[in-house]
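# Remarks on the overall topology
Each chain is listed here by its residues.
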Amino acid sequence: MSTFVAPTIKNFVAWDYVVFAALFLISSSIGIFFAIKERKNATSNQFLVGGKQMTCGPVALSLTASFMSAVTVLGTPAEVYRHGASFILFFIAYTLVIIFTSELFLPVFYRSGITSTYEYLELRFNKSVRFAATLIYIVQTILYTGVVVYAPALALNQVTGFDLWGSVFATGIVCTFYCTLGGLKAVVWTDAFQLVVMVVGFLTVLIQGTIQNEGFNNIWKSAKNGSRLAVFDFDVDPLRRHTFWTIAIGGTFTWLGIYGVNQSTIQRCISCKSEKQAKLALYLNLLGLWIILVCAVFSGLVMYAHFKNCDPWTAGFISAPDQLMPYFVMDIFSSVPGLPGLFVACAFSGTLSTVAASINALATVTFEDFVKGCLSNCSEKMSTWVSKGLCVVFGVLCTSMAAAASLLGAVVQASLSIHGMCGGPMLGLFTLGIVFPCANWKGAMGGLLTGIITAFWVAIGAFVYPAQPSKSRPLHLSTANCTLANNTEMITTLAPTLDPMRPQLADSWYSLSYLYYSAVGCLVCVTAGLLISFLTGPGKGEDVQPLLIRPICNLFCFWSKKYKKLCWCGVQHDSTTVPKNSEKNLGKDGTEKIGADELSKNGFNKETQNHFPGYNHYEKSYTNTSVEAESYF
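Residues numbered from 1 in each chain as written. Predicted model: local features only at pLDDT ≥ 70, side-chain atom pairs only at ≥ 80, totals over all residues. Heavy atoms only, no water.

### Section: the packing of helix α4 (residues 70-83) against helix α14 (residues 339-374)
Put simply, the rule is: Convention adopted: a line fitted to C-alpha atoms gives each axis, helices being fitted over their contacting stretch, and angles between N-to-C directions are expressed from 0 to 180 degrees. We count a stretch as a helix when DSSP gives it H or I for four or more residues in a row; a strand needs E for two or more, and each element gets its number in order from the N terminus. With respect to orientation, any angle under 35 degrees is reported as roughly parallel, any angle over 145 as roughly antiparallel, any angle of 65 to 115 as roughly perpendicular, and every other angle as oblique. The criterion used for residue contact is that any of the two residues' heavy atoms lie within 4.5 Å. Only Asp, Glu, Lys and Arg are considered charged in this grouping, and only Ala, Val, Leu, Ile, Met, Phe, Trp, Tyr, Cys and Pro are considered nonpolar; every other residue, Gly among them, is considered polar.
As a packed pair, α4 and α14 sit with axes 6 Å apart at the nearest point and diverge in direction by 120 degrees. For the element pair α4 / α14, the angle class is oblique. Together, Ala70, Val73 and Leu74 of α4 and Phe343, Cys346, Ala347, Gly350 and Thr351 of α14 make up the contact between the two elements. Partitioning the contact of α4 with α14 into residue classes produces six nonpolar, two polar and no charged.

As C-alpha cells, this is what we get:
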C-alpha cells in the first residue's frame, strides 16, 4: 500500500487570484447595475423589499445561497469525514421545515402586509414584545454572521496562505457595497449568481476527487469499510450528538427557527408579487437545499477515501478539522492553476450571500421597528438614505464581530448553536401568536425570556463543560501510511480526564445534543407562555383578528364543522372582514390591500367576504398590489 507524504501546499498563484477576484467584481457590478436601474424608483420600499414584485426563481436561488453558507462548504464535508454520512438525514429536516414555513407561517406574514416579521408581534401582542424580539434577532444575526465571515477565512488562510484579515475585510466591504447600492434586488440576484458558483465549485472538486480516487465504486467501498455509511442510528438518547432523532427532530426545530420566522427568509418571501410565487420559491429552494446537501456529504466521502490511510488532521499537517476541505482541494488541484481559486470562490460565495442577506435583513428590521416611528414625517428620499446608512452600520458591525468568532469552535456546531439558542425561543414566540389565540402579551414576553434563559443556560454550560467523546463518537482516523515532514509531530489523542470539579449537570443537561437547543428553547417558550397567559387571564378569541391566527385544527377536524369551530377558540375564521374605509386600500387592479397600520388602527366591520383582503381572484392567490409593478427583477 502506498505511503502518503504530506504535500507541499502551494500558495495561491496569479490565476487563483484572478478567479477569486472575479467573484467580488461581478457581485459588486450587480449592485451597481440595480443602483442605476432603480435610481428613479428609489423608495425605501424598493430598497428593502424590492418593490414586492419579485418572482419565485431568483428568490428561490437566493434563499438556498443565503443559508448554504461557507459553513456548509467547509464544515459539512469535515463532519461527514469525521462522523459519517448521517448528515444526509437533514433532507428530512429540510423537507419538514419548508412544509411548515410555507403552510403555517408564510400565509400569516404575507396576508398581513408587513415588511418586518416583528410587526406581526405588535399586531398580535404589543410593542414591547415586538421590540424585545427585534433586539434578540439583531444580536443573533450579528453573532452568526461573525462566524460565517471568520471561520472560512481562517481555514483558507491556514491552508492556502490566503490573507486572513484581507479576506475578512474584503467580504465585509463588498457585501456592504452592493447591499447599500442595490438593496434587496441586488442581494437576491447576487445570491443567485453566487449559488451557481457554489455548485460549480462543488462539482469540480467532486469530479477531480472521484477521478483521483479510482471512481465512485472505490469511494463507496472505502466509505463502507470505514463505517462512514452507517446513516440510520435510532438511539433515542438526546445526549448523542447525531442520531436519526436528533437530526430529524432537533434539525427541524433548528432550521424552522431559521426559515419559518427569520426576517432574512420571510423578507424575501414577502418581496414576491403573490403568495403563490412565495410558496413556489420555498419549494424550489428545497430542491436547491437537497442538491447542496448531497454535494457536501459526497465531498466528505471522497475526502475520506483520499485520506483514509493518512488523516492530515491527526498527523498534524493541519490544525483544525475545518481546514480539511481546503487542504484536500489544494492537494488534488496542486498542478492546475485557477481551480483552487474557483473553490475559494465557492466557499466565499456562501459567505457573501449569507452576509449580504443578514445586512439587508438587519437594516430592514431596524428601519421598520425603530427608525420609522421616529421619522413619521420623513420623505421617501430621506428614508431611502437612512436605510442605506443602516446597511453601512451593520456591515461594519458584522465584519467586526468576526474577530470574536475564533472562540466558538467548529463552524457547523457554532453556527447551528447560535441559531438554536436564539432561534428556538423566537420560533416559540411566533408559534404562540399564530397557533394559540389564548396567548396574551404577558405570556408571550414571559415565554420568550424563559426560553432564551433556558437555551443559553444549556448552550453556555456545554461550551464550558464539553460533552464526553462517547456522546459524539467520532469515527476512527488512520495515520498508518503517513510520512511526516521533518518538523511535524504526530498529534496523539489522549483519553479525556474527568475534571473533579465537573458539576453533575455536565454529563446530562450540558451534554444535550446541540441540535436540541432550538427544540428546548421553543418548547419552553410555548409552555411558559401558555401557563403565564392562563395565570394572568387568557386572551379571548373574539378579540383576535382572524388574519393573525392560522387555524391548524382544521386539518384534524375537517370531518365536523361543529368541532372545527369549537377548536377556533372564538376566533371568527368563518367571517372574514375588512377594515373600515377599505376603499383607501385598493391596489391598482382593484383588489384590496391590508397593511399592518390598518390592522392595528381601524378594527373590522361585519361584512362577510370569501377571502381576506388582498386576494386576487384572477391569480387565485394573495398579491402585493399597492406597489410599483413595472419591474419584475
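### Some points on the state of the cysteines
Test applied: To count as a disulfide, a pair of cysteine sulfur atoms needs to be within 2.5 Å. Only protein chains enter the accessibility calculation, which uses a 1.4 Å probe; a residue is then buried when its area is under 20% of its type maximum, exposed when over 50%, and partly exposed in between.
Under the criterion given, the structure shown has one disulfide. Across a sulfur-sulfur distance of 1.8 Å, Cys310 and Cys482 are joined as a disulfide pair. An S-S torsion of about 115 degrees defines the bridge between Cys310 and Cys482 as right-handed. Of this pair, Cys310 sits in the loop between α12 (275-307) and α13 (324-332) while Cys482 sits in strand β2 (residues 482-483); the two residues are 172 residues apart in sequence, bridging distant segments of the chain. Of the two residues, Cys310 and Cys482, both sit in the buried class. For Cys346, which is in no disulfide, the shortest distance to another cysteine sulfur is to Cys295 and amounts to 9.0 Å. Accessibility expressed as a relative area gives 0% for Cys346, which makes it buried.

### Overview of a nonpolar patch on the surface
Put simply, the rule reads: The patches described consist of residues with a relative accessible area above 30% and no salt bridge, like charges being joined within 9 Å and nonpolar side chains (Val, Leu, Ile, Met, Phe, Trp, Tyr) within 5 Å. Per-residue accessibility takes into account occlusion by the displayed protein chains alone, with areas from the Shrake-Rupley method and a 1.4 Å probe. By definition, a salt bridge exists where a carboxyl oxygen of Asp or Glu is found within 4 Å of a side-chain nitrogen of Lys or Arg.
A surface patch of nonpolar side chains, amounting to about 520 Å² of accessible area, comprises Phe232, Phe234, Val236, Trp245 and Ile249. Relative to the helices and strands, Val236 resides in the loop between α9 (216-225) and α10 (244-259). Judged by its relative accessible area of 63%, Val236 is exposed.

### Some points on the side chain of Ser27
Our working rule: The term polar contact refers here to a pair of N or O atoms within 3.5 Å; inside protein, the definition further demands a hydrogen-donor-capable atom paired with an acceptor-capable atom, and it admits residues adjacent in sequence only when both atoms are side-chain atoms.
Tracing the backbone shows Ser27 in helix α1 (residues 14-37). The exposure class assigned to Ser27 is buried, which follows from its relative accessible area of 0%. Of note is the side chain of Ser27, whose polar atom sits 3.1 Å from the side chain of Gln194. Excluding anything up to four places from it in sequence, Ser27 contacts Val174, Tyr178, Thr190, Phe193, Gln194 and Leu352.

### Let's talk about the confidence of the model for the protein
Our working rule: Confidence of the predictor at the level of single residues is given by pLDDT, which spans 0 to 100.
With 78% of its residues at a pLDDT of 70 or more, the protein has an overall mean of 79. Looking over the protein, one finds the lowest element-wise mean pLDDT in helix α21 (residues 596-602), namely 40, and the highest in helix α19 (residues 517-535), namely 95. In this model residues 485-496 is a low-confidence stretch, pLDDT under 50, and it forms 14 contacts with partners more than four residues away in sequence or in other chains. Across residues 625-633, where pLDDT falls below 50, the model places 30 contacts with residues more than four positions away in sequence or in other chains.

### What to know about unusual backbone geometry
A positive phi angle, close to 65 degrees, is found at Glu214, a residue other than glycine. In this structure, Glu214 sits in the loop between α8 (164-212) and α9. One non-glycine residue with positive phi stands out, namely Ser227, at about 65 degrees. Note that Ser227 resides in the loop between α9 and α10. By relative accessible area, Ser227 is classed as partly exposed at 41%.

### Quick notes on α9
To keep things clear, this is the line we draw: Starting at the helix axis, one direction is taken to each C-beta atom, and the arc is that of these directions.
All buried positions along α9 are accounted for by Ile219, Ser222 and Ala223. The buried residues of α9 occupy an angular sector of 100 degrees when the element is viewed end-on, so they sit on one face. Every exposed residue of α9 that faces more than 90 degrees away from the buried side is listed here: Asn217, Lys221, Lys224 and Asn225. A positive backbone phi angle near 65 degrees is found at Ser227, which sits one or two residues after α9.

### Quick word on α12
An α-helical turn contains 3.6 residues, so any two residues separated by three or four positions project in the same direction. Operational definition: Multiplying 1.5 Å by the residue count of a helix minus one yields the expected span of that helix.
When the terminal C-alpha atoms of α12 are compared, their 48 Å separation across 33 residues agrees well with the 48 Å that a helix rising 1.5 Å per residue should span. Summarising burial for α12: 24 of the 33 residues are buried, a large majority.

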